Amino acid sequence: MALVSSTPLLRAARANGYCIGAFNVHTLEMLQAVVEAAEELQSPLIIQSTVGTVKHLGADYIAAAATVASNRSSVPIALHLDHCSDFDLIVQCIRAGYSSVMIDASHHSFAENVRQTAKVVEVARAAGVNVEAELGKVGGVEDEIVVAENEALMADPGECAEFVRLTGVATLAPAIGTAHGIYKGEPKIDFDRIRAIAAKVDVPLVLHGGSGIPEEQVKRCVSLGMAKMNVATELRIVFSDAIKEVFAANPEENDPRKYMVPAKKQLKLAAMEKMRMCGSTGRADDYRTWLK
Ligand code: 13P
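Here's what I pulled together on the structure shown here. For clarity, every value in this text was computed on a predicted model and none was experimentally measured.

Basis of the calculations
Residues numbered from 1 in each chain as written. Predicted model: local features only at pLDDT ≥ 70, side-chain atom pairs only at ≥ 80, totals over all residues. Heavy atoms only, no water. 1 Å grid on protein atoms, 1.4 Å probe; cavity = no way out; pocket = protein on both sides within 12 Å on 5 of 7 lines; lining within 4 Å. Points joined across faces, edges and corners; volume = space filled by probe spheres on them. Helix = DSSP H or I, 4+ residues; strand = E, 2+ residues; numbered from the N terminus. Nonpolar A, V, L, I, M, F, W, Y, C, P; charged D, E, K, R; others polar. Near = heavy atom within 4 Å. Polar contact = N/O pair within 3.5 Å; in protein donor to acceptor, adjacent residues only side chain to side chain. Areas by Shrake-Rupley, 256 points an atom, 1.4 Å probe, with all protein chains shown as cover. Buried < 20%, exposed > 50% of the residue type's maximum accessible area, 1.4 Å probe, protein only. Contact = heavy atoms within 4.5 Å.

## Re the layout of surface pockets
Right, so step 1: The calculated volume of the largest pocket comes to roughly 390 Å³.
Right, so step 2: If you trace the largest pocket, you find 18 residues lining it, with Ser5, Thr7, Gly128, Val129 and Lys292 closest to the centre.
Right, so step 3: Those elements that place two or more of their residues in the lining of the largest pocket are helix H1 (6–16), helix H6 (110–127) and strand S5 (130–135).
Right, so step 4: The residue makeup of the lining of the largest pocket, split by class, is 10 nonpolar, 5 polar and 3 charged.

Structure (structure tokens):
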């Protein structure tokens, strides 16, 4: 089937108390691996690319590959642009066929974040594309930010409600204590804050920094209203480690069709594990109820 907007997928997830894994991919094999995982578990899927990957591969190549994967697949798949602060690039990705985009203006003031997000919502709405925005500031790529000491970075529940009202954004990523990258200890998730935000905001919420969050914490986040979990670093490590193992055992290997095989398999298994954690297995048809 054709790529679908992530809006109905995520509304169905929030309404039914599960979460959808959104996996960052950087190569064709990574994209194929996460699609195979979704197909095998009959799970809805969000494929993501970062701005860096768009620059590396091209939005058109990525959208073409995701479209082929989706056309061949029996499960609903959305293609999402992760963390983008460049309006023109967002438009380029929508034109290329992305069905979901994130405008990240969280480093600006609240008013400017509202202004930029509303502008993207207007463009995306015409194309039937989902928009995600961020409030507060999710910790950096390195796991250096101890969130308890950086309360100012957390999303404020009242502001979240105001933000959704002013922008009309369909999905919201509030900073609640997770961070991008691998955690050194356990993540310090502010569950009360998720509860307070979810009480005020009925759009699906997005959990960033999904790598390394223990299963029981993921489940708690989902039970409180998180409907999308972004996972990037962990999958990249699994994929790369499998390639390193091939070369450690056989330094002469020079056929990508061979050394990519174990990497693809390990990535598929890792994605399946996250889907089970998210509770999205067997949920491929739920979104139909939420199509307009
Ligand atoms: P991780 O790299 O920690 O999995 O975070 C992914 C993410 O949130 C992308 O937006």
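## Focus on the site of the ligand
Right, so step 1: As a matter of local geometry, the ligand sits amid 13 residues, with Asp82, Gly209, Ser211, Ala232 and Thr233 nearest to it.
Right, so step 2: Within the side chain of Ser211, a nitrogen or oxygen atom sits 2.5 Å from an oxygen atom of the ligand.
Right, so step 3: Within the contact set of the ligand, an oxygen atom lies 3.0 Å away from a side-chain nitrogen or oxygen of Asn230.
Right, so step 4: Protein chains shield 96% of the accessible area of the ligand, which is 310 Å² for the free molecule.
Right, so step 5: Listed by contribution, the elements that provide at least two residues to the shell around the ligand are strand S3 (77–84) and strand S8 (226–231).
Right, so step 6: Here the residues of the shell around the ligand sort into 3 nonpolar, 9 polar and 1 charged.

## As for the side chain of Asn230
Right, so step 1: Relative to the assigned elements, Asn230 resides in strand S8.
Right, so step 2: On the basis of relative accessible area, Asn230 is assigned to the buried category, the value being 5%.
Right, so step 3: If we skip the residues at most four places from it in the chain, Asn230 touches Ala22, Gln48, Asp82, Glu132, Val206, Leu207, His208, Gly209, Gly210 and Ser211.

## So, unusual backbone geometry
Right, so step 1: In this structure, Gln42 is a non-glycine residue whose phi angle is positive, near 50 degrees.
Right, so step 2: Position of Gln42 relative to the elements: it lies in the loop between helix H2 (28–41) and strand S2 (45–49).
Right, so step 3: Classification of Gln42 by relative accessible area gives partly exposed; the value is 31%.
Right, so step 4: Positive phi values are uncommon outside glycine, yet His83 reaches one of about 25 degrees.
Right, so step 5: By secondary structure assignment, the location of His83 is in strand S3.
Right, so step 6: Exposure remark for His83: the relative accessible area of 22% places this residue in the partly exposed category.

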